[in-house]
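A look at the structure
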Amino acid sequence: PRAPAAHQLRYGDFILVLWTTLRGPASWPQLADDLNQAANGDGSNLAISFSEQRPLILNALVSATTLQCTDKPLPLPGAVLNWQNAVQQITKTNFLGLTDVWWLWAPCASRFVPSAERYRGPWNATTDNPILVIGNRYDPRTKYGNAVVAAKRLGNASLLTLDGYGHTSDVDPSDCIDEAVTSYLITTVPPPNGTVCKPNHKPFDPDFGQPLSIGPQLFE
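Scoring rules and cut-offs
- Sequence order as written defines the numbering, with residues in each chain counted from 1.
- Given that the model is predicted, a residue must reach a pLDDT of at least 70 before its local features are reported, and side-chain atom pairs must reach 80 or more before they are shown or counted; all residues, however, enter totals for whole chains, interfaces and linings.
- Calculation of side-chain values draws on the structure's entire complement of heavy atoms; hydrogens and water are dropped beforehand.
- Any Lys or Arg side-chain nitrogen found within 4 Å of a carboxyl oxygen on Asp or Glu counts as a salt bridge.
- To qualify as a helix, a DSSP run of H or I must reach at least 4 residues; to qualify as a strand, a run of E must reach at least 2; elements of each kind are numbered from the N terminus.
- In this scheme, a residue with accessible area under 20% of its type's maximum is buried, one over 50% is exposed, and one in between is partly exposed, where area comes from a 1.4 Å probe on protein chains only.
- Aromatic rings from Phe, Tyr and Trp, taking only the six-membered ring of Trp, are treated as a pair when their centres fall within 6.5 Å; an angle between ring planes under 30 degrees marks them as stacked, one over 60 as edge-to-face, and anything in between as tilted.
- Two conditions define a charge located above a ring, namely a distance within 6 Å from the ring centre to NZ of Lys or CZ of Arg, and an angle within 35 degrees of the ring normal.
- In this scheme, strands are said to pair when DSSP sees at least two bridges between them.
- Axes here mean lines fitted to C-alpha atoms, for a helix over just the part in contact, with angles spanning 0 to 180 degrees between N-to-C directions.
- Throughout this description, the term nonpolar core refers to a set of buried Ala, Val, Leu, Ile, Met, Phe, Trp, Tyr and Cys residues connected via side-chain atoms within 4.5 Å.
- Working rule for contacts: check all heavy atoms of both residues, and any pair within 4.5 Å makes them a contact.

On to the pattern of salt bridges. Per the stated rule, a full pass over the model turns up four salt bridges. With a closest N to O distance of 3.4 Å, R137 and D163 form a salt bridge. Highlighted residues: R137 in strand β1 (residues 131-138) and D163 in strand β2 (residues 157-165), separated in sequence by 26 residues. The partly exposed category is assigned to R137, whose relative accessible area is 31%. Within the structure, one salt-bridge network assembled from shared partners comprises R137, D163 and K198.

The following block contains the structure:
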């Protein structure tokens, strides 16, 4: 009743709010309250959150989709016709994955504009200086296992694990992570591969602080 007309929280809007808010644990207490209100019949807060986030998401979609599609091989003819099976399969394993499917997979399946600068290999190069890879153990958007694979494929790399939550390490503050990154940037020496850091706070800790902005890192 307090949201803009037509005073109805649509399922797709709710999924989008959930997808964006789960990236930062500082926002989880408010999200929990909003979900509880919606379960009791008042989805106003969730609907208002969607209306506030929608312009940002639409603007980011333009660049995100283009970058994703031009970095991939051109789809085979008729690939876009597989969208229904793809959506059904992802729904079985991760209902929030629908957001990524519609924003990134579906547009790329029907995009036939080749990229003149797309890198096609080789993939066995290593860097002179070691690369520091950071992965959150409980990232709701990108699997931690991908960080493990990335560190191995990069060759001269060290994996630093944040035993915390959210999408990217900066949304779950950790003095341990900050110290490791600062030292790496100054000395180019990463912490030993397999180092694990703890976040400063647990989710729903009242001392966590104010919710962090979702804007700049929406699609990282």
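For the structure shown, the criterion picks out five aromatic pairs. When the ring of Y11 is compared with that of F14, the centres are 6.4 Å apart and the planes differ by 45°; the resulting orientation is tilted. With Y11 and F14 both in helix α1 (residues 11-21) and three residues apart, this pair spans about one turn of that helix. A relative accessible area of 54% places Y11 in the exposed class. Aromatic side chains W28 and Y165 sit 5.9 Å apart centroid to centroid with 75° between the ring planes, which places their arrangement in the edge-to-face category. A residue pair is termed long-range when its members are at least 10 positions apart, and W28 in helix α2 (residues 28-39) and Y165 in strand β2 qualify at 137 residues. On the accessibility criterion, Y165 (29% relative accessible area) is partly exposed. By the ring-pair criterion, three or more aromatic residues cluster together here, those being W28, Y138, Y165 and F204. Between the NZ or CZ atom of R137 and the centre of the ring of Y144, over which it lies, the distance is 5.0 Å.

Further remarks concern the sheet that holds strand β3 (residues 195-197). The three strands are arranged β1-β2-β3 in an open sheet whose pairing can be described as parallel. At either end of the open sheet lies a strand with only one pairing partner, and these are β1 and β3. On average, adjacent strands in this sheet sit at an angle of 25° to one another, irrespective of strand direction. Bridge analysis of β1 against β2 gives seven bridges, and the strand direction is parallel. Following the sheet pairing, N136 is matched in β2 by L162.

In a soluble, globular protein the nonpolar side chains are often hidden away together inside. One finds F14, I15, L16, V17, L18, W19, L31, L46, F50, I57, L96 and W103 forming the largest nonpolar core, which totals twelve residues. In terms of residue count, α1 provides more of this core than any other element does, six residues in total. Discounting residues that sit within four places of it in the chain, F14 has contacts with L9, L35 and L46. Counting seven residues, the second largest nonpolar core, distinct from the first, contains L132, L160, L162 and A180.

As far as function goes, none of this settles anything; it's purely spatial.
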